[in-house]
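Structural characterization, general
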Amino acid sequence: MRARRRRSTGTDYLSDALALLGGWTRDGVQLRRDLACDDSQHAALTERIKVAADTLHIRPSIRRVDGHTQICLGQQDGTAITDGEVTLAARIEDFYRTVVERP
């Protein structure tokens, strides 16, 4: 999923793209998501994320906390959120649906 950049209207295409990604929050220069899954689902999800992230040259932070997988895209001291990070967030949503078998 790629968001189109709206040049003439002046709207923030990143905000538009994030609106389509339910559950993701924008925290400054980072995207964050908490996903409920068991340990085996976490392992499968993490593996898929790593492959996609390597392709996009992105280093997400993935942690397992209290039965949830926490994902953070972007660096706290980095620049603005990139198109690649939004693309990875969309792919993670697809991976999550596949791993937990939700349509």
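Up top is the structure.
Residues numbered from 1 in each chain as written. Predicted model: local features only at pLDDT ≥ 70, side-chain atom pairs only at ≥ 80, totals over all residues. Heavy atoms only, no water.

1. As for the nonpolar core
Threshold: In plain words, nonpolar cores are sets of buried Ala, Val, Leu, Ile, Met, Phe, Trp, Tyr and Cys residues tied together by side-chain atoms within 4.5 Å. Residue burial is assigned from relative accessible area. The probe radius is 1.4 Å, only protein chains are included, and a residue is buried under 20% of its type maximum, exposed over 50%, and partly exposed in between. In DSSP terms, a helix is any run of H or I states spanning at least four residues, a strand is any run of E spanning at least two, and both are numbered starting from the N terminus. Contacts between residues were defined by any pair of non-hydrogen atoms, one from each residue, lying within 4.5 Å.
Counting 25 residues, the largest nonpolar core has Trp24, Leu31, Leu73 and Ile92 as the members making the most contacts within it. At the level of elements, helix H1 (13-20), strand S2 (30-36), helix H2 (39-56), strand S4 (68-73) and helix H3 (83-99) are the ones that each hand at least two residues to this core. Here this core gets 8 residues from one element, more than from any other, and that element is H3. Among all residues touching Trp24, those that are not within four sequence positions of it are Leu31, Arg32, Arg33, Ile71, Leu73, Ala89, Ile92 and Glu93.

2. As for the pattern of salt bridges
Basically, it comes down to this: Salt bridges are defined by distance alone: a side-chain nitrogen of Lys or Arg within 4 Å of a carboxyl oxygen of Asp or Glu.
Applying the stated criterion across every chain, the model contains 5 salt bridges. Residue Arg59 is joined to Asp54 by a salt bridge in which the shortest nitrogen-to-oxygen separation is 2.6 Å.

3. Quick notes on the sheet that holds S4
Stated formally: Strand pairing is assigned whenever DSSP detects at least two bridges linking the two strands. Lines fitted to the C-alpha atoms define the axes, with helices restricted to the stretch that makes contact. Angles between their N-to-C directions range from 0 to 180 degrees.
The 4 strands are arranged S1-S2-S4-S3 in an open sheet whose pairing can be described as antiparallel. The open sheet has two free edges, formed respectively by strand S1 (25-27) and strand S3 (61-65), since each of these has just one partner strand. Neighbour-to-neighbour, the strand axes of this sheet turn through a mean angle of 25 degrees, independent of strand direction. One ladder, built from 5 bridges, connects S3 with S4; its direction is antiparallel. The residue bridging Ile62 from the neighbouring strand is Ile71, located in S4. The strands touched by H3 are S2 and S4; relative to S2, the strand with the most contacts, the crossing angle is about 5 degrees.

4. A closer look at the environment of Gly28
For Gly28, the location among the structural elements is in the loop between S1 and S2. Classification of Gly28 as exposed rests on a relative accessible area of 55%. Between the C-alpha atoms of Gly28 and Gly74, which are 46 residues apart in sequence, the distance is 9.6 Å.

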